[in-house]
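Reading the structure
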Amino acid sequence: QVQLVESGGGLVQAGGSLRLSCAASGPAFSCYAVGWFRQAPGKERMFVAAISWSGGSAYYAPFVKGQFTISRDNAKKTVYLQMNSLKPEDTAVYYCAAVRSSRTAIEGEFEYDYWGQGTQVTVSS
């Protein structure tokens, strides 16, 4: 069983940066691929980025276009999402999710077994 807790969200002006953290508890976290998703008001939850169990490979949604970077520190059991050049349309609740897998490109939310509670990111114009 893996438990995930997101942090690092908040209010930021357009053009600013935030780094989200996803802290995990439970055994064998290094065996889990982790993804970030976001859900804007009135919209469906959508995939943002994913990282392999080792951190050696990452996969991004096309809209990211180099704006976000996912990384992980297995010693700290934490996955990060560095978000730069934020825009008002990036406003959403951001969630991390985990699944025990050797794959990286896991986009479907239904493929993930464990979810955090989410952290709110608000970008003002």
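The text that follows walks through the structure, step by step, so that each part is easy to find. All values derive from a computational prediction rather than experimental measurement. (Residues numbered from 1 in each chain as written. Predicted model: local features only at pLDDT ≥ 70, side-chain atom pairs only at ≥ 80, totals over all residues. Heavy atoms only, no water.)

Some details on the nonpolar core
For clarity, the cut-off: To qualify as a nonpolar core, a set must consist of buried Ala, Val, Leu, Ile, Met, Phe, Trp, Tyr and Cys residues joined through side-chain atoms within 4.5 Å. For every residue, the accessible area (1.4 Å probe, protein chains only) is compared with the maximum for its type, and the residue is labelled buried under 20%, exposed over 50%, or partly exposed between those bounds. A helix here means a DSSP run of H or I that spans at least four residues, while a strand means a run of E at least two residues long, and both kinds are numbered starting from the N terminus. In this analysis, two residues are considered to be in contact whenever any of their non-hydrogen atoms come within 4.5 Å of each other.
Counting 38 residues, the largest nonpolar core has Leu-4, Trp-36, Leu-81, Met-83 and Tyr-94 as the members making the most contacts within it. Taken together, the elements giving at least two residues each to this core come down to β3 (18-25), β4 (32-39), β5 (46-51), β7 (68-73), β8 (78-83), β9 (92-100) and β11 (119-124). Top contributing element to this core by residue count: β9, with six residues. Once you skip the residues sitting within four places of it in the chain, Met-83 turns out to touch Gly-16, Ser-17, Leu-18, Leu-20, Gln-67, Phe-68, Tyr-94 and Val-121.

Here's the deal with the packing of aromatic side chains
Applied cut-off: Two aromatic rings, drawn from Phe, Tyr or Trp (for Trp, its six-membered ring), form a pair once their centres lie within 6.5 Å of each other, and the interplanar angle then sorts them: stacked below 30 degrees, edge-to-face above 60, tilted otherwise.
Under the counting rule described, the total for this entry stands at seven aromatic pairs. Judged by centre distance (5.4 Å) and plane angle (85°), the rings of Phe-37 and Tyr-112 are edge-to-face. Of the two residues, Phe-37 sits in strand β4 while Tyr-112 sits in the loop between β9 and β10 (114-115), which places them 75 residues apart along the sequence. Owing to a relative accessible area of 5%, Tyr-112 belongs among the buried residues under this scheme.

Digging into the pattern of salt bridges
Formally: Salt bridge, as used here: a side-chain nitrogen of Lys or Arg that lies within 4 Å of a carboxyl oxygen of Asp or Glu.
The tally for this structure, following the rule as stated, stands at three salt bridges. Its salt-bridge partner being Glu-111, residue Arg-103 comes within 2.9 Å of it at the nearest N-O pair.

Some remarks on the pairing of β8
Threshold: For two strands to pair, DSSP has to find at least two bridges joining them.
Counting buried positions along β8 gives five out of six residues, so the element sits mostly inside the fold. Of the pairings in the sheet, the one linking β3 to β8 comprises six bridges and is antiparallel in character. Considered in β8, the bridge of Leu-20 is made with Leu-81. Sheet topology places β7 next to β8; six bridges connect them, and they run antiparallel. Considered in β8, the bridge of Ser-71 is made with Tyr-80. What sits between β7 and β8 in their antiparallel hairpin is a turn of four residues, with Lys-77 showing a positive phi close to 55°.

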